[in-house]
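Take a look at the letters that make up each chain.
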Amino acid sequence: MQTTMFRQYLELTKPRVVALIVFTAVIGMFLAVPGWPPLLPALLGGIGIWLAAGSAAAINHLIDQRIDRLMARTAHRPLAVGALTPTQVLVFAVALGSLSMLILVLGVNLLTAVLTFASLIGYAIVYTAYLKRATPQNIVIGGAAGAAPPVLGWAAVTGEVHPYALLLFLIIFVWTPPHFWALAIFRRDDYSRAQVPMLPVTHGVEYTRWHVLYYTVLLLVVTVLPWLTGMSGLFYLGGALVLGVVFLYYAYVLLNPPDEFFAMKVFNYSIVYLMALFAFLLVDHYLATPTLPRGIPFVPL
């Protein structure tokens, strides 16, 4: 019984999504300093960001419980099946969020705590409670909250928001629409049934496929910026171009897909893409030598 209850609460935190969030935050920590990041701020920062992301996910479950019952992808969630009550979920979310802020304020720095709290509110309240139901551009506007983790990680170990951290933010911000719209294409009947104005529902599948392609082209351009600004070297550039060309191929085939499930292949590749891209950034960071040209160095104003 206790194991089952633990699993229900764990599911509230969307562990796979949160794992990707923490991964990009940790990469931001490593990229922020020339050597290894300071252990204690990095450790406490990672824990605090994880708890905040889990809290935001739980609030998402709470607000979306009606929608979740109508969608095949989410019908098994704890609130949807009645395994947990709204009160239990609210208490759990507040507890995680409060603990997160306590750790970040006392163990890391105030800037990281403020930015993390803003991201929590941005996803859990602004996106979930309002944007998701208000506009088919919901995932574009709301993507800002999901793009914040590298900035949070950077701030955790340096106490500042560097322009390079904002480049990492920009990459995830532009990556989010093609990533999520691929899923929305496959799950469009679910969103239609739940009356959520996702782009494939309001503007049609073909329109959405073209927008996936447009954003993938933009993503390929944006991922060159770390090299152009001197943040990364040729090792990263090569990896980013290969990953981007493959993503572009997937987006192009999606215009006339071989079957209905191809949209999920694009969605799954987009996750691998982001993890591999940030892995290339990390490896390049520690391979930096005079033999690896690094574009035009960025000089802060």
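Since this is a predicted model, take the numbers as computed values, not measurements.

Comments concerning the overall build of the chain
Across its full length, the chain carries 16 helices and zero strands. Its C-alpha atoms put the chain at 60 × 50 × 35 Å along the principal axes. For the chain, the residues scored as buried account for 52% of the 301 residues in total. Pairs at least 24 apart in sequence give 76% of the contacts found in the chain among residues at least 6 apart.

Some remarks on the pattern of salt bridges
Throughout the structure, instances matching the rule amount to five salt bridges. Between aspartate 68 and arginine 77 there is a salt bridge; the shortest N-O distance is 3.2 Å. Exposure class is identical for aspartate 68 and arginine 77. Each is buried. Between glutamate 260 and arginine 188 there is a salt bridge; the shortest N-O distance is 2.8 Å. You can see glutamate 260 sitting in the loop between helix 15 (234-254) and helix 16 (262-287) and its partner arginine 188 sitting in helix 11 (residues 188-193), a full 72 residues away along the chain.

Structural notes on the nonpolar core
In terms of nonpolar packing, the biggest core is built from 70 residues, with Trp154, Trp175, Tyr273 and Phe278 touching the most fellow members. The dominant element in this core, judged by the number of residues it contributes, is helix 10 (residues 163-186), at 14 residues. Those residues in contact with tryptophan 154, other than ones at most four positions away along the chain, are Gly28, Met29, Leu31, Ala32, Gly159, Glu160, His162, Tyr164, Ala165, Leu168 and Met231. In terms of nonpolar packing, the next biggest core, distinct from the first, is built from 16 residues, Leu51, Leu84, Val89 and Leu120 among them.

Some details on unusual backbone geometry
Residues apart from glycine generally show negative phi values, whereas peptide bonds are mostly found in trans. Even without a glycine there, the phi angle at lysine 14 is positive, about 50 degrees. Along the chain, the position of lysine 14 falls in the loop between helix 1 (2-12) and helix 2 (15-31). Overall, lysine 14 belongs to the buried group, its relative accessible area being 15%. Although it is not a glycine, glutamine 195 sits at a positive phi angle of roughly 60 degrees. Mapped onto the elements of the fold, glutamine 195 is located in the loop between helix 11 and helix 12 (199-202). What makes glutamine 195 exposed here is its relative accessible area of 66%.

Quick look at the packing of aromatic side chains
In this description, a pair of aromatic rings is defined by centroid distance and the angle of the planes. If you walk through the whole model with that rule in mind, you get 16 aromatic pairs. The interplanar angle of 55 degrees and the centroid separation of 5.4 Å between the aromatic rings of phenylalanine 235 and phenylalanine 280 together place this pair among those described as tilted. With phenylalanine 235 in helix 15 and phenylalanine 280 in helix 16, this residue pair connects regions lying 45 residues apart in the sequence. Phenylalanine 235 sits in the partly exposed class, given a relative accessible area of 32%. Judged by centre distance (5.7 Å) and plane angle (25 degrees), the ring pair of tyrosine 250 and phenylalanine 262 falls under stacked.

Some words on the side chain of threonine 24
Assignment of secondary structure puts threonine 24 in helix 2. The buried category is assigned to threonine 24, whose relative accessible area is 3%. Within polar-contact distance, the side chain of threonine 24 engages the backbone oxygen of isoleucine 21 at 2.9 Å. Those residues in contact with threonine 24 that lie beyond four places of it in its chain are Pro149, Pro150, Ile172, Leu274 and Phe278.

Considering empty space enclosed by the protein
For the structure on display, the rule yields one cavity of 30 Å³ or more. In this structure, the largest cavity encloses a volume near 40 Å³. Ile185, Arg188, Arg209, Leu254, Pro257, Asp259, Glu260 and Ala263 are the residues that line the largest cavity. Here the residues of the lining of the largest cavity sort into four nonpolar, no polar and four charged.

Quick word on the confidence of the model for the chain
Mean pLDDT over the chain stands at 91; residues scoring 70 or higher make up 94%. The least confident element of the chain, judged by mean pLDDT, is helix 1 at 83; the most confident is helix 15 at 97.

Conventions and cut-offs
Residues numbered from 1 in each chain as written. Predicted model: local features only at pLDDT ≥ 70, side-chain atom pairs only at ≥ 80, totals over all residues. Heavy atoms only, no water. Helix = DSSP H or I, 4+ residues; strand = E, 2+ residues; numbered from the N terminus. Buried < 20%, exposed > 50% of the residue type's maximum accessible area, 1.4 Å probe, protein only. Contact = heavy atoms within 4.5 Å. Salt bridge = Lys/Arg side-chain N within 4 Å of Asp/Glu carboxyl O. Core = buried A, V, L, I, M, F, W, Y, C linked by side-chain atoms within 4.5 Å. Phe/Tyr/Trp six-rings, centres within 6.5 Å; stacked < 30°, edge-to-face > 60°. Polar contact = N/O pair within 3.5 Å; in protein donor to acceptor, adjacent residues only side chain to side chain. 1 Å grid on protein atoms, 1.4 Å probe; cavity = no way out; pocket = protein on both sides within 12 Å on 5 of 7 lines; lining within 4 Å. Points joined across faces, edges and corners; volume = space filled by probe spheres on them. Nonpolar A, V, L, I, M, F, W, Y, C, P; charged D, E, K, R; others polar. pLDDT = per-residue confidence, 0-100.

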